Amino acid sequence: MSQQSNTPLLKIEDVTKVFHIREGFSTTEFHAVDKASITIEADSPKIFAIVGESGSGKTTLARMVLGMETPSMGILQYRDRVLAELSNKELKQWFYKEVQPVFQDPFAAFSPLKRIDHYLYETVRNYKMASRKEADAYIDSVLREVGLTLAEVKGRYPNELSGGQAQRVAIARALITKPKLIVADEPVSMLDASLRMSVVNMFRKLKEENQVSVIYITHDLATAYYAGDQVAVMLRGWIVEKGTSEQVLGNPLHPYTQNLKTSIPSVNVSDAWKEKIDLAVVEADEYTRTGCKYAGRCPFVMDKCHNHIPPNFVHEGRAVKCFLYEDPETMAQAALGEVVVT
Ligand SMILES: Nc1ncnc2c1ncn2[C@@H]1O[C@H](COP(=O)(O)OP(=O)(O)OP(=O)(O)O)[C@@H](O)[C@H]1O
Ligand SMILES: [Mg+2]
């Protein structure tokens with residue numbers, strides 16, 4: 001595939017996913033992802049963290065990037081190609097080699113009845129990459145990338161591995177096709193704290209040494225801050241703040257990001273998050289309300305927040321979707337359209 005050097009690796013542009021919920025005889029629609037835009041440049045690999053409370057649309061966005069869900073509106077572009085225009089052959093022979101998923105539960109990807117190396121050989125075979133002997137050497141090399149060896153995992157069943165080891169095998173499997181982008185949806189949330197860091201460090205190593213970019217979806221602001229180069233914060237389908245992790249998580253501007261940061265103690269974040277945020281004050285109509293979706297919970301709410309959707313303002317180097325940061329300079333930039341911070 002031909003690419004120009006300035007073509008982004010991934011461009012998510014105003015992507016929206018509408019779901020319909022049936023209640024009795026009526027159907028309501030809501031936007032699980034609402035005009036989300038993210039750009040990951042191709043020139044240097046990045047870890048792009050996506051954070052946000054439960055139900056904010058992180059997985060739906062990831063599934064669209066992986067081609068598992070079709071956007072209702074907007075454009076998803078991988079390198080120089082629009083995803084929706086790829087043929088099945090292009091998907092299999094190109095896109096699914098370059099873009100690999102890693103999911104939350106490492107054991108869900110493996111049958112308890114099959115030896116774990118089966119999946120590694122199967123992936124190698126599917127991509128017609130090697131003879132058995134070459135396959136052994138190649139599989140050993142990808143396992144070594146994640147701190148394991150073929151000798152350690154060969155012949156073992158999934159229940160004979162720890163969660164951390166199983167997640168490493170899942171990542172090794174993803175590496176077999178030499179991907180350029182890994183989409184990891186809560187890859188560490190089922191691991192205990194010590195293993196989390198080793199998997200997160202592995203993503204950093206893959207970025208540095210193998211030139212792999214990672215979309216890292218997490219509830220864990222601490223690892224997002226530690227590993228993420230860029231961060232997008234999701235609220236009810238919107239991206240409300242986007243910039244470097246230093247900016248967004250070091251010094252959050254959006255009241256929702258500020259709330260997330262103060263709601264979360266540093267250890268065992270995903271559990272704590274669900275408990276700490278007072279779900280009683282999360283209004284049921286947040287997906288569909290006119291104006292800002294955070295207006296019902298925001299300590300700084302102003303009259304116009306109830307009736308007008310805030311555009312993205314550029315403030316202190318990041319995009320923030322909040323009228324608190326409206327000023328003449330940022331208004332001028334916002335008038336030019338969606339402000340993309342890459
Ligand atoms: N196939 C579907 N049909 C209808 N609604 C859906 C579907 N998939 C997801 N949703 C809804 O879309 C919203 C966003 O869900 P999503 O799974 O993307 O959130 P999330 O940010 O990944 O949450 P979590 O942190 O809990 O994983 C939720 O309200 C969810 O119930
Ligand atoms: Mg999810």
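Residues numbered from 1 in each chain as written. Chains lettered and ligands numbered in written order. Predicted model: local features only at pLDDT ≥ 70, side-chain atom pairs only at ≥ 80, totals over all residues. Heavy atoms only, no water.

Peer 1: Tell me what's going on with the site of ligand 1, and back it up with residues and numbers.
Peer 2: Lining the immediate surroundings of ligand 1 are 14 residues, of which Ser54, Gly55, Lys58, Thr59 and Thr60 lie closest. The separation between an oxygen atom of ligand 1 and a polar side-chain atom of Thr59 is 2.8 Å. Here ligand 1 has 640 Å² of accessible area as a free molecule, and 62% of this is covered by the chains. At the level of elements, strand S2 (26–40) and helix H1 (58–65) are the ones that each hand at least two residues to the shell around ligand 1. For the shell around ligand 1, the element with the most residues is H1, which contributes three residues. (Near = heavy atom within 4 Å. Polar contact = N/O pair within 3.5 Å; in protein donor to acceptor, adjacent residues only side chain to side chain. Areas by Shrake-Rupley, 256 points an atom, 1.4 Å probe, with all protein chains shown as cover. Helix = DSSP H or I, 4+ residues; strand = E, 2+ residues; numbered from the N terminus.)

Peer 1: An account of the sheet that holds strand S4 (residues 73–78) is requested, with residue identities and associated values reported.
Peer 2: The four strands lie next to each other as S2-S1-S4-S5, forming an open sheet whose pairing is antiparallel. Two strands close off the open sheet at either side, each with one partner strand: S2 and strand S5 (81–82). Relative to S4, strand S1 (residues 10–23) runs antiparallel, the two sharing five bridges. Bridge assignment links Thr16 to a residue of S4, and that residue is Met73. Most of the contacts of H1 go to S1, to which it runs at about 120°, and overall it touches S1, S2 and S4. (Pairing = 2+ DSSP bridges. Contact = heavy atoms within 4.5 Å. Axes fitted to C-alpha atoms, helices over the stretch in contact; angles between N-to-C directions.)

Peer 1: Now, about the sheet that holds strand S10 (residues 238–244): what can you tell me, with residues and values included?
Peer 2: Overall, mixed pairing links the eight strands, which are arranged S6-S7-S8-S3-S9-S10-S12-S11 in an open sheet. Where the open sheet ends on each side, the last strands, each with one partner, are strand S6 (99–102) and strand S11 (313–315). Strand-to-strand twist of the sheet, defined as the mean angle between neighbouring strand axes without regard to direction, takes the value 20°. Both S6 and strand S7 (residues 181–185) contribute to a ladder of four bridges, which runs parallel. Paired with Val99 across the strands is Leu181, a residue of S7.

Peer 1: Give a detailed account of the pattern of salt bridges, specifying residues and quantitative values.
Peer 2: Taken as a whole, this structure holds 17 salt bridges when the rule is applied. Where Arg173 meets Glu122, a salt bridge forms, and the shortest distance between an N and an O atom there is 4.0 Å. Here the residue Arg173 occupies a position in helix H6 (residues 163–175), and Glu122 occupies one in helix H3 (residues 116–126), the gap between them amounting to 51 residues. The class for Arg173 is partly exposed, based on a relative accessible area of 24%. The closest approach of N and O atoms between Glu208 and Lys207, which form a salt bridge, is 3.7 Å. A relative accessible area of 52% means that Glu208 is categorised as exposed. Judged by relative accessible area, which is 11%, Lys207 ranks as buried. Salt bridges here are not isolated pairs; linked through shared partners, they connect Lys17, Arg63 and Glu69. (Salt bridge = Lys/Arg side-chain N within 4 Å of Asp/Glu carboxyl O. Buried < 20%, exposed > 50% of the residue type's maximum accessible area, 1.4 Å probe, protein only.)

Peer 1: Go over the nonpolar core with me, naming the residues and quoting the values.
Peer 2: Core analysis: the biggest nonpolar cluster contains 62 residues, and Leu143, Val169, Ile171, Ile182, Phe203 and Val233 have the highest contact counts within it. It is H6 that contributes the most residues to this core, six residues altogether. Those residues in contact with Leu143, other than ones at most four positions away along the chain, are Leu120, Leu148, Thr149, Leu150, Val153, Val169 and Ala172. Grouped together as the second largest cluster of nonpolar side chains are 30 residues, Leu66, Leu76, Leu86 and Val99 included. (Core = buried A, V, L, I, M, F, W, Y, C linked by side-chain atoms within 4.5 Å.)

Peer 1: Which residues make up the layout of surface pockets, and what are the values?
Peer 2: Once rolled over the atoms, a probe with the size of a water molecule shows which space is left empty. Of the volumes computed, that of the largest pocket is approximately 380 Å³. In terms of lining residues, the largest pocket is bounded by 17 residues, among which Gln100, Pro101, Thr123, Arg173 and Ala174 are the most central. The greatest single-element share of the lining of the largest pocket, amounting to four residues, is contributed by H6. Per-class residue counts for the lining of the largest pocket are nine nonpolar, four polar and four charged. (1 Å grid on protein atoms, 1.4 Å probe; cavity = no way out; pocket = protein on both sides within 12 Å on 5 of 7 lines; lining within 4 Å. Points joined across faces, edges and corners; volume = space filled by probe spheres on them. Nonpolar A, V, L, I, M, F, W, Y, C, P; charged D, E, K, R; others polar.)

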